[in-house]
Amino acid sequence: MSAQIISGKEIASQIREELKTEVEQLEKKGIQPGLAVILVGDDPASHSYVKGKEKASIELNFYSVIHRLDTDTSEEEVLSLIRELNQDSKIHGILVQLPLPKHISEKKVIQSIDPAKDVDGFHPENVGNMYIGLPAYLPCTPHGVIQMLIRSGVQIEGKHAVVIGRSNIVGKPMAQLLLNQNATVTICHSRTPNLAEITKQADILIPAVGRAGTVTADMVKPGAVVIDVGVNRVDGKLVGDCAFAEVKEVAGMITPVPGGVGPMTITMLMYNTVESVKRHNSNR
Ligand code: GUN
């Protein structure tokens, strides 16, 4: 039997409807959520992601500001722009699209963002708070994955979740959020020698590697829930990390690419921005 498809697109649109109601409530109080995005350079994938973020912001009636800067913009110029945005009361969320050109320190840039406006959840203060279970902005992609699992009725507590990948953006926070939900968590990566042996034990399998064909049908336990975070272009077509056609014949539930995790990432960014507005106004 073929796996049930978890549509990120549908779950994302459900969450956006909920957000729309919240934004309308805020509007009545004269508040408009403001999101600033900084993009440095001409990476086509980054430009496409930022366009998606801009579109979602406009659809939700946010105040949306996009700073598209040349590749040769200096680190100091970026830091100075962030300092300005940190002080700007119309801006509730600041996102710097990664990766940055090599001459700009990602670490310095992330640390210069006001943690209260860090809607990506990449600042060490938010990472630390997430780690010990204090309120924090949760990184958008892993947060989106958790929402997909919960809203699809998947039980996380007590299950064995296997994450493939250990990036700061996805793999590491993904594992931590699953742990916070009481899963038993294993993290695999490029130096894991017996990958298939471990993935076959997963009740919930989350590949986040960025390499097409990483997960094949023989690596999946029958009935497992597979959330594919990978985004790869093969012959001009978007595919995930799973060999989808064969894995869906073994898995119990699976997300497609496109239309899976992608729409959730942007939606959780909108969610974090609304969250920032609410926190800001409850502190006054
Ligand atoms: N590049 C790839 N994913 C992300 C993300 O979630 N946030 C930012 N800022 N850059 C990214």
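The structure under discussion appears in the preceding block.
Bear in mind the structure is a predicted one, so any value in this text is a computation, not a measurement.

A.B. asks: Explain the packing of helix H2 (residues 44–59) against helix H10 (residues 261–282) to me, and be specific about the residues and the numbers.
C.D. replies: Across the interface, H2 lies against H10 with an axial gap of 10 Å and an inter-helix angle of 50°. With respect to H10, the axis of H2 lies oblique. In this structure, H2 crosses over H10, and the sense of that crossing is right-handed. From H2, Gly52, Lys53, Ala56 and Ser57 reach across to H10, where they touch Ile266, Leu269 and Met270. Here the residues of the contact of H2 with H10 are counted per class, giving four nonpolar, two polar and one charged.

A.B. asks: Give a detailed account of the site of the ligand, specifying residues and quantitative values.
C.D. replies: Every residue lining the ligand is accounted for by Leu95, Val96, Gln97, Leu98, Asp120 and Phe122. A distance of 2.8 Å is found between a nitrogen atom of the ligand and a backbone nitrogen or oxygen belonging to Val96. In the model, a nitrogen atom of the ligand is placed 2.9 Å from a nitrogen or oxygen of the Leu98 main chain. For the ligand, the accessible surface in isolation is 280 Å², of which the surrounding protein chains cover 83%.

A.B. asks: I'd like a rundown of unusual backbone geometry, residues and numbers included.
C.D. replies: Following Leu98, the chain continues into Pro99 via a peptide bond in cis, with omega recorded as 0°. Tracing the backbone shows Pro99 in the loop between strand S4 (93–96) and helix H4 (106–112). Residue Val257 is joined to Pro258 through a cis peptide bond whose omega torsion reads 0°. Here Pro258 lies in the loop between strand S11 (253–254) and H10. For Asn61, which is not glycine, the phi torsion reads 60° and is therefore positive.

A.B. asks: Go over the sheet that holds strand S2 (residues 34–40), please, and point to the residues and values.
C.D. replies: The strand order across the open sheet built from three strands is S3-S2-S4, with neighbouring strands paired in parallel fashion. Every interior strand has two partners, whereas the edge strands, strand S3 (63–69) and S4, have only one. Taken pair by pair, the neighbouring strands of this sheet meet at an average axis angle of 15°, ignoring direction. Sheet topology note: the S2/S4 ladder contains four bridges and is parallel. Along S4, the bridge assignment pairs Ala36 with Ile94. Each of S2, S3 and S4 is contacted by H2, which is oriented at about 165° to S3, the strand it contacts most. Packed on one face of the sheet, H10 meets S2 and S4 and runs near 130° to S2.

A.B. asks: Which residues make up empty space enclosed by the protein, and what are the values?
C.D. replies: Space left empty within the atom packing is revealed by a probe, the size of a water molecule, rolled over the atoms. Inspection of the entire model under this criterion finds one cavity of 30 Å³ or more. Around the largest cavity, the lining residues are Ile94, Leu95, Val96, Val109, Ile110, Ile113, Asp118, Asp120 and Phe122. Ranked by the residues each element gives to the lining of the largest cavity, the list is headed by S4, at three residues. Residues that form the lining of the largest cavity fall into these classes: seven nonpolar, no polar and two charged.

The rules we used
Every residue gets a number counted from 1 within its own chain, in the order that chain's sequence is written. A pLDDT threshold of at least 70 governs which residues receive local features in this predicted model, and a stricter bar of 80 or more applies before side-chain atom pairs are shown or counted, although totals over entire chains, interfaces and linings include all residues. The basis for the side-chain values is all heavy atoms of the structure; hydrogens and waters are excluded. Interaxial angle, 0 to 180 degrees, is taken between N-to-C directions of lines fitted to C-alpha atoms, where a helix line uses only the stretch in contact. What counts as a helix is a DSSP run of H or I of at least four residues, what counts as a strand is a run of E of at least two, and both are numbered from the N terminus. Angular relationships are summarised with four words: roughly parallel below 35 degrees, roughly antiparallel beyond 145, roughly perpendicular across 65 to 115, and oblique for the angles in between. We call a crossing left-handed when the near helix sits turned anticlockwise from the far one by less than a right angle, and right-handed when that turn is clockwise. Whether two residues are in contact is decided by their heavy atoms, any of which lying within 4.5 Å being enough. Here the nonpolar group is Ala, Val, Leu, Ile, Met, Phe, Trp, Tyr, Cys and Pro; Asp, Glu, Lys and Arg are the charged ones; every other residue, Gly included, is treated as polar. Any residue with a heavy atom lying within 4 Å of a molecule or strand is counted as near it. N or O atoms closer than or at 3.5 Å make up a polar contact, with two conditions inside protein: a donor-capable atom paired with an acceptor-capable one, and, for residues adjacent in sequence, both atoms drawn from side chains. Only the protein chains shown count as cover for residues, and all accessible areas are computed by the Shrake-Rupley method using a 1.4 Å probe. Two strands make a pair as long as DSSP finds a minimum of two bridges between them. For cavity detection a 1 Å grid was placed over the protein atoms alone, and a set of points counts as a cavity when a 1.4 Å probe fits there but cannot get out; an open set counts as a pocket when protein lies on both sides within 12 Å along at least five of seven lines, with lining residues being those that have an atom within 4 Å of a point. Grid points are joined across faces, edges and corners, and a volume is the space filled by probe spheres set on the points.

The quantities given are spatial measurements derived from coordinates; they are silent on function.
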